[in-house]
Amino acid sequence: MDTRGQSIQVGAIILFGFLVIAFSAYQASIVPQQNEEVEFQHSQDVAEDMQQLRNDVVEAGTTGTTRTASVRLGTTYPPRTFASNPNPASGSLRAASVGSGEISLDAPGANIESICGYDKDGDDAVPSRSLVYEPNYHVYQYGQTVVYENSVVYRQNDDGVVLDSGQTLITGNQIRIPALIGEYQRAGTTMVSVDVAAGKTGVGTTANTGATELTVPSTLGKGEWETLLAGELQANGGNVTGITDNGDTVTFALASAEYDITCPVVGAGTTPSNQPANVKGEAGGINPSASGDVRLSDVERHTSPKDVIVLSFTNPGDEVNLSQARFNFYQASTDDGPDQLDLSGYDLGATSVGTTVVSDLQRRGAPDEPSPNLTFTGGGSVTAVALRYEDSTGSIYSPAQDDISVVNLVFSDGQEANYFVNVPKQGTTVSNDAPTADFTYSTSFPNTVDVDGGASSDPDGSISTYEWDWTSNGGYDPSGQTVSHMYTNSGSYDITLRVTDNAGATDTVTKTVAVTTAGSVPGFSSASATDLAKNQMDTQTITFRINQTLNAGETVSINLDAPQSVKTNGQINDVDYRSGSGPSVTGGGGSATLSAGRETASITYSPPPSGLPGGTQVSLSIEAETKNGGPYTIQFSRSDGSGTETATFTIN
């Protein structure tokens, strides 16, 4: 009996068995490890998405404009030739209520339903919800729930809470009610959009006759809120005297004082229909604008001294007298602000300060009556008043640009309004509006920058001089609108342009410009690639810095053939870049695509539509499956020039 072929057959069967075992081990061990890394990265990405969603909610409430945020609910796994993947990881984002789902306020002289514009059930509370993201991962065991509530974003897991943002609820004597409404709910594996719509922002004040308590629905405990409000605690000079954790609500006790309250109602996926009693920017609120109201029409500086602020009021109704004035509020950018102010008449024609009608009006103090009378002529006439801010000794206080002040005026016909004063720049005086400085630039070689101040403008005159400070050290060179300047050394420099208009007002603007000693050939100043970890799916960062402008339509090519073509045992790539696995642009802007074959791979980078100036650094992130080996060299080239660069990395 001939048995010569039996050993070959048995060997083949044994070899096949080994292959089956190896494949099973790869499917059971390596694939889950790689997928866990994908899920971990997604958990980081969605935390950033929720922080941006929080910023959009706050900005919508602040500006009154609709914002759109994007949240990546789930993620997909890299494609595999032989092994299989589970279904894509999913997640959900939903609006949720905590406890009663209401914010309440116990404060003398203030009603939260009236301020916010809700009259739900007369219990002096307004509805507010949270936004909750929950992941559904296949492998990653530490997926975190991410929550937005009461202006705060945080992550929850079995180990506790991680705070990812600050709070805007209580700041000094300001209370901001973060009312969020809506029934938003989405689940799936893709990216979803959240339209964040602003309702009307209500305003109000409390009386300084007793303590104030604010209660919000919250899953955060006393410890987390003490961290968030550290600077507002009474022990640290703030107004918060106590924090009480009630289980599903938290109560903040505030010292007896007068508080300015704003309630910017925001909707997630819906537009709020709230109707506050006093609306920011409307009649009866801050800066009234109804047909018969005395309206604040301009804010300027007196010609000299410029520290006196001039308010112009337009009165479309009948003639009225000023009955009472109060200095409500001041927010300074650099210090505690003034203690008091004098209010005087002002002659716009003669640009002169008139008789003081209210003196030493204390900040947050009692209102005072004018003496003598100050008349606001009707029929659309303009009446101006001058505000002289002072410290406690009566010395003049110098208000800075964008300081904020609120004065309350009561008129003889019963009108009463808070006027919001945003302090203008130094050059904006009664007789002149300051210019606006701006410039464009381009770089050439070696170390040369060409600037053009032609983008500057002046609303009521012309620009007389252009002065350039090439290192923003305070030394200006009055060399004209268009100038070419050469630096001794390459690097990044802050260039400041100062323009002066025909009335002597000035403005400045600063931009950072990078110059290099590289030659005239478009190429690269530097390039690098991070090392990869062996025997896994790893993320590599590839970085390059261009030495000259890369215009829109031009590209940068990165040749990855060297690492892609090296094989282990002649079969398996030491580095396997796969199409569909990236890359993503993590710095510099623009977009990039990967083309990968069995032994070739390359990345093509395209700049944004505006192009990139010389000196810009671009970073790309790409995934690759690795074995072992190296070092490997990759090559960088540009479509607009012959300059090239190389970078080397290894696997360890």
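One can find the structure itself at the top, above this paragraph.
This section reports on the structure supplied with the text.

Basis of the calculations
Residues numbered from 1 in each chain as written. Predicted model: local features only at pLDDT ≥ 70, side-chain atom pairs only at ≥ 80, totals over all residues. Heavy atoms only, no water. Helix = DSSP H or I, 4+ residues; strand = E, 2+ residues; numbered from the N terminus. Rg over C-alpha atoms; globule rule 2.2 N^0.38 Å. Buried < 20%, exposed > 50% of the residue type's maximum accessible area, 1.4 Å probe, protein only. Contact = heavy atoms within 4.5 Å. Areas by Shrake-Rupley, 256 points an atom, 1.4 Å probe, with all protein chains shown as cover. Lys, Arg positive; Asp, Glu negative; His and termini not counted. Charge placed at Lys NZ, Arg CZ, Asp CG, Glu CD. Pairing = 2+ DSSP bridges. Axes fitted to C-alpha atoms, helices over the stretch in contact; angles between N-to-C directions. Salt bridge = Lys/Arg side-chain N within 4 Å of Asp/Glu carboxyl O.

**Points about the overall build of the chain**
At step 1: Counting its regular elements, the chain contains 4 helices and 44 strands.
At step 2: Computed over its C-alpha atoms, the radius of gyration of the chain comes to 33 Å, more than 25% above the 26 Å expected for a compact globule of 652 residues.
At step 3: For the chain, the C-alpha atoms occupy an extent of roughly 130 × 65 × 45 Å along the three principal directions.
At step 4: Put simply, the chain has 652 residues, and 46% of those count as buried.
At step 5: Excluding contacts between residues fewer than 6 apart, the proportion of contacts in the chain whose partners are at least 24 apart in sequence is 67%.
At step 6: Carbon and sulfur atoms form 46% of the exposed surface of the chain, whose accessible area is close to 29,100 Å².
At step 7: With 31 positive and 75 negative side-chain charges, the chain shows a separation of 9 Å between the mean positions of the two kinds.

**Here's the deal with the sheet that holds strand S40 (residues 591–596)**
At step 1: Ordered in space as S40-S41-S35-S43-S44, the 5 strands form an open sheet in which the pairing is antiparallel. The two strands at the open ends of the sheet, each matched to only one other strand, are S40 and strand S44 (641–651). Averaged over neighbouring strand pairs, the angle between their axes works out to 20 degrees when direction is ignored.
At step 2: Of the pairings in the sheet, the one linking S40 to strand S41 (residues 601–606) comprises 6 bridges and is antiparallel in character. Opposite Ala-592, over in S41, you have Tyr-605 as the bridge partner.

**Structural notes on unusual backbone geometry**
At step 1: Put simply, Ser-304 and Pro-305 share a cis peptide bond, and its omega is 0 degrees.
At step 2: Residue placement: Pro-305 occurs in the loop between strand S18 (295–301) and strand S19 (309–315).
At step 3: Geometrically, the link from Ser-371 to Pro-372 is a cis peptide bond, its omega value of 0 degrees lying close to zero.
At step 4: Despite not being glycine, Asp-360 shows a phi value in the positive range, around 50 degrees.
At step 5: If you trace the backbone, Asp-360 turns up in strand S22 (residues 352–362).
At step 6: Although it is not a glycine, Arg-364 adopts a positive phi angle of roughly 60 degrees.
At step 7: Secondary-structure assignment places Arg-364 in the loop between S22 and strand S23 (375–376).

**A look at the pattern of salt bridges**
At step 1: A full pass over the atoms with the stated rule returns 14 salt bridges.
At step 2: A salt bridge links Glu-183 to Arg-129, with the nearest nitrogen and oxygen atoms 2.9 Å apart. Of this pair, Glu-183 sits in the loop between strand S11 (180–181) and strand S12 (185–188) while Arg-129 sits in the loop between strand S4 (125–127) and strand S5 (130–136), and the two are 54 residues apart along the sequence.
At step 3: Under the relative-accessibility criterion, Glu-183 is labelled exposed at 67%.
At step 4: Note that Glu-258 is salt-bridged to Arg-364, the shortest N-O span being 3.9 Å. Note that Glu-258 is positioned in the loop between strand S16 (249–254) and strand S17 (260–268) and Arg-364 in the loop between S22 and S23, a separation of 106 residues in sequence.
At step 5: One salt-bridge network, in which partners are shared between bridges, spans Glu-258, Asp-260, Arg-326 and Arg-364.

**What to know about the sheet that holds strand S29 (residues 463–469)**
At step 1: On the basis of which strands lie adjacent, the open sheet formed by 3 strands has the order S29-S31-S32 and antiparallel pairing. What marks the edges here is a single partner per strand, and that holds for S29 and strand S32 (506–515). Strand after strand, the sheet turns through a mean of 20 degrees between neighbouring axes, direction not considered.
At step 2: In this sheet, S32 lies alongside strand S31 (residues 491–501) in antiparallel orientation, the contact comprising 10 bridges. Its bridge partner being in S32, Thr-500 is matched across the sheet by Thr-506.

In short, geometric facts, not functional conclusions.
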